[in-house]
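# Observations on the model geometry
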Amino acid sequence: MNGQNRNDIKPGLGVSIVLKQDQRTGKLTDGIVKDILTNSPNHPHGIKVRLTDGQVGRVKEIKAADTP
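All values reported here derive from a predicted model rather than from experimental measurement.

Calculation rules
- Residues numbered from 1 in each chain as written.
- Predicted model: local features only at pLDDT ≥ 70, side-chain atom pairs only at ≥ 80, totals over all residues.
- Heavy atoms only, no water.
- Helix = DSSP H or I, 4+ residues; strand = E, 2+ residues; numbered from the N terminus.
- Rg over C-alpha atoms; globule rule 2.2 N^0.38 Å.
- Contact = heavy atoms within 4.5 Å.
- Areas by Shrake-Rupley, 256 points an atom, 1.4 Å probe, with all protein chains shown as cover.
- Lys, Arg positive; Asp, Glu negative; His and termini not counted.
- Charge placed at Lys NZ, Arg CZ, Asp CG, Glu CD.
- Buried < 20%, exposed > 50% of the residue type's maximum accessible area, 1.4 Å probe, protein only.
- Polar contact = N/O pair within 3.5 Å; in protein donor to acceptor, adjacent residues only side chain to side chain.
- Core = buried A, V, L, I, M, F, W, Y, C linked by side-chain atoms within 4.5 Å.
- Salt bridge = Lys/Arg side-chain N within 4 Å of Asp/Glu carboxyl O.

## Some details on the overall build of the protein
- Secondary structure summary: the protein contains zero helices and four strands in total.
- Rg of the C-alpha trace for the protein: 11 Å, near the compact-globule value of 11 Å for 68 residues, within the 12% margin.
- When its C-alpha atoms are laid out on the principal axes, the protein stretches across 35 × 25 × 20 Å.
- A separation threshold of at least 6 residues defines the contact pool for the protein, and within that pool the share at least 24 residues apart is 49%.
- Per element, the accessible surface of the protein, about 4400 Å² overall, is 48% carbon and sulfur.
- Separation of charge centres in the protein, based on 11 positive and 7 negative side chains, amounts to 8 Å.

Now the structure itself:
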């Protein structure tokens, strides 16, 4: 699943994001979604999120849901 649709992304999901400084290289960072920052229903470059560790980037891949 790609990260272009806001409805596919929920807090607690495991995702791979690309950080602003890594956009040129495409290096992905794994983490858990804390907040969804993009308000529009979709975005061609990926929905912007904040991870639980505070890093902000655009979702490139959705990993799996973490069940509580």
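## Details of the side chain of T38
- Considering the arrangement of structural elements, one finds T38 in the loop between β2 (28-36) and β3 (48-51).
- The class of T38 is buried, set by a relative accessible area of 9%.
- Within the local environment of T38, its side chain forms a polar contact with the backbone nitrogen of K48, the two atoms lying 2.7 Å apart.
- Other than its neighbours up to four places away in sequence, T38 contacts R6, I47, K48 and R58.

## Topic: the pairing of strand β1 (residues 13-19)
- With seven of seven residues buried, β1 lies mostly within the body of the structure.
- In β1, alternate side chains face the same way, and those of L13, V15, I17 and L19 on one face and G14, S16 and V18 on the other are all buried.

## Focus: the nonpolar core
- I9, L13, V15, I17, L19, V33, I47, V49, L51, V59 and I62 together form the largest nonpolar core, which totals 11 residues.
- Every element with two or more residues in this core is listed here: β1, β3 and β4 (56-65).
- When residues of this core are assigned to their parent elements, the largest contribution, four residues, is made by β1.
- Ignoring sequence-local partners within four residues, the contact set of L19 consists of T29, Q55, V56 and G57.

## Details of the pattern of salt bridges
- A complete count under the given rule lists two salt bridges for this structure.
- For the salt bridge of D35 with R50, the shortest nitrogen-to-oxygen distance reads 3.0 Å. With D35 in strand β2 and R50 in strand β3, the pair connects residues that are 15 residues apart, well separated along the chain.
- Owing to a relative accessible area of 30%, R50 belongs among the partly exposed residues under this scheme.
- K63 is the partner of E61 in a salt bridge, and the nearest nitrogen-oxygen pair spans 3.4 Å.
- A relative accessible area of 34% places E61 in the partly exposed class.

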